[in-house]
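One-letter residues, chain by chain:
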Amino acid sequence: NTNVFSQGTLCGEYAFEVEPAKGHIHIIKRAPLEITYKGNKKFQVLEPSIVFFPRSTPHTFTSLHDEGADMVCAKVSIGNGLQNPLILGLPDLLVIPVSKMTGFEEIFNLIYQEAFDDRCGKHQAIDHLMDYLTVRIYRFLIQENLIPTSAIAGIADPKISRAIEAMHSQPGHDWSLDKLANEAGMSRARFADYFKEKVGVAPIGYLTELRINLAMRRLLEGKKIKTLYQELGYSSASSFTRIFQQKHGVSPREWLSSKEITQQN
């Protein structure tokens, strides 16, 4: 989901605050501006564009014109703010010129109208519009094949998508490379190479990301580890805990405790 937190004209420089597991979507209505991110990486936006940070990435905008840069800025949580397979393989920064986004004119006009007019209910309206825009951006990335190596590219591929859909529909199933290759209608060796080529991670690695993402959701919902590990296809609570700790550096209980403390504060 998305939350619009700023709209207006940027003059000079502004550093955006980041939150864990939240990215940013900026609609640049009037350019130019320069983006600085991940320390010293720089990118100049010279025309109206969508600027998308899929993950939590510190960044600074600097206006390059005396009149400033008009923009609408939103925080975005892919998968309720948790790690999500949909961002696997995506770069730290995506910049898409508005001129290339055919069919987006109406949604942009509605967002600008809500952002720059003072109407009753504008905050709820613009957040819903940004949610819809996020979906449209993902569709656009798939249709235009702008991310050749990512989970998005995998979903767009007819064969790979069948395996991905099978994992999502039955994450606790006893999946093996052979079984997933069968879902895709490919040989084991070809499937393994092709999946990694398209998605950027091996099939079992993708399955692990999916399971851990679901585990985090279930833990926040109050699910107990002693029943959760079976739901996600692990042979024991200790094996589930070991995999979780490898991915996040802490045990599931420690992770959940840190989340509860954050929410209390």
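Residues numbered from 1 in each chain as written. Predicted model: local features only at pLDDT ≥ 70, side-chain atom pairs only at ≥ 80, totals over all residues. Heavy atoms only, no water.

A. Here's a closer look at unusual backbone geometry. At the junction of Ala31 and Pro32, the peptide bond is cis and its omega measures out at 10° in the coordinates. Along the chain, the position of Pro32 falls in the loop between β3 (23–28) and β4 (33–37). Although it is not a glycine, Lys38 sits at a positive phi angle of roughly 50°. (Helix = DSSP H or I, 4+ residues; strand = E, 2+ residues; numbered from the N terminus.)

B. Examining the pattern of salt bridges more closely. What the rule picks out here adds up to 13 salt bridges. In this structure, Lys75 engages Glu19 in a salt bridge whose closest nitrogen and oxygen atoms are separated by 2.6 Å. Separated by 56 residues along the polypeptide, Lys75 in strand β8 (residues 69–76) and Glu19 in the loop between β2 (13–16) and β3 bring together distant segments of the chain. Taking the relative accessible area as the measure of exposure, Glu19 reaches 30% and is therefore partly exposed. (Salt bridge = Lys/Arg side-chain N within 4 Å of Asp/Glu carboxyl O. Buried < 20%, exposed > 50% of the residue type's maximum accessible area, 1.4 Å probe, protein only.)

C. Just the sheet that holds strand β9 (residues 94–97), in detail. The sheet built from 5 strands is open, its strands ordered β1-β8-β3-β6-β9 with antiparallel pairing. The sheet terminates laterally at β1 (2–10) and β9, the two strands that pair on one side only. Each adjacent strand pair in this sheet contributes to an overall mean axis angle of 15°, direction not counted. In this sheet, β9 lies alongside strand β6 (residues 49–53) in antiparallel orientation, the contact comprising 4 bridges. (Pairing = 2+ DSSP bridges. Axes fitted to C-alpha atoms, helices over the stretch in contact; angles between N-to-C directions.)

D. The environment of Leu146, seen in detail. Here Leu146 shows up in the loop between α2 (122–143) and α3 (151–156). The exposure class of Leu146 is partly exposed, given its relative accessible area of 40%. As a C-alpha pair, Leu146 and Gly8 span 138 residues in sequence and 29 Å in three-dimensional space.

E. Fine view of the pairing of β6. Counted residue by residue, β6 has 5 buried out of 5 residues, so it is predominantly covered. Burial along β6 is two-sided: the face carrying Ser49, Val51 and Phe53 and the face carrying Ile50 and Phe52 are both buried. Sheet analysis places β3 next to β6, joined by 5 bridges and oriented antiparallel. The residue of β6 that forms the bridge with Ile27 is Ile50.

F. Structural view of the packing of aromatic side chains. In total, this model carries 14 aromatic pairs according to the counting rule given. Taken together, a centroid distance of 6.0 Å and an interplanar angle of 65° make the contact between Phe240 and Phe244 edge-to-face. Here the residue Phe240 and the residue Phe244 both occupy positions in helix α9 (residues 237–248), the gap between them amounting to 4 residues, near one helical turn. Phe244 carries the same exposure label as Phe240, and that label is buried. Aromatic rings pair up to connect Phe104, Phe108, Tyr112, Phe116 and Phe140 into one cluster. The residue whose ring lies beneath Lys29 is Tyr112, and the NZ or CZ to ring-centre distance is 4.8 Å. (Phe/Tyr/Trp six-rings, centres within 6.5 Å; stacked < 30°, edge-to-face > 60°. Lys NZ or Arg CZ within 6 Å of the ring centre and 35° of its normal.)

G. Here's a closer look at the pairing of strand β7 (residues 59–63). Most of β7 sits out of view: 5 of its 5 residues are buried. Where burial is concerned, the two faces of β7 agree: the one with His59, Phe61 and Ser63 and the one with Thr60 and Thr62 are both buried. Where β2 meets β7, 4 bridges bridge the pair, whose relative direction is antiparallel. The partner of Ala15 across the bridge, within β7, is Thr60.

H. Spotlight on helix α1 (residues 105–116). Counted at 1.5 Å a residue, the expected span for α1 with its 12 residues is 16 Å, and the 16 Å between its end C-alpha atoms agrees. Looking only at α1, the buried set comprises Ile107, Phe108, Ile111, Tyr112, Glu114 and Ala115. Those residues of α1 that are buried lie in contact with β1, β3, β6, β8 and α2. (Expected span 1.5 Å × (residues − 1). Contact = heavy atoms within 4.5 Å.)

I. Local environment of the sheet that holds β7. Taken in spatial order, the 4 strands make up an open sheet running β2-β7-β4-β5, and their pairing is antiparallel. Of all the strands in the sheet, the pair left with one neighbour each is β2 and β5 (41–45). For this sheet the average axis-to-axis angle between neighbouring strands, irrespective of direction, equals 20°. As defined by bridge partners, β4 adjoins β7 across 5 bridges and the pair is classed as antiparallel. Its bridge partner being in β7, Ile35 is matched across the sheet by Phe61.

Read these as layout, nothing more, since geometry by itself doesn't imply function.
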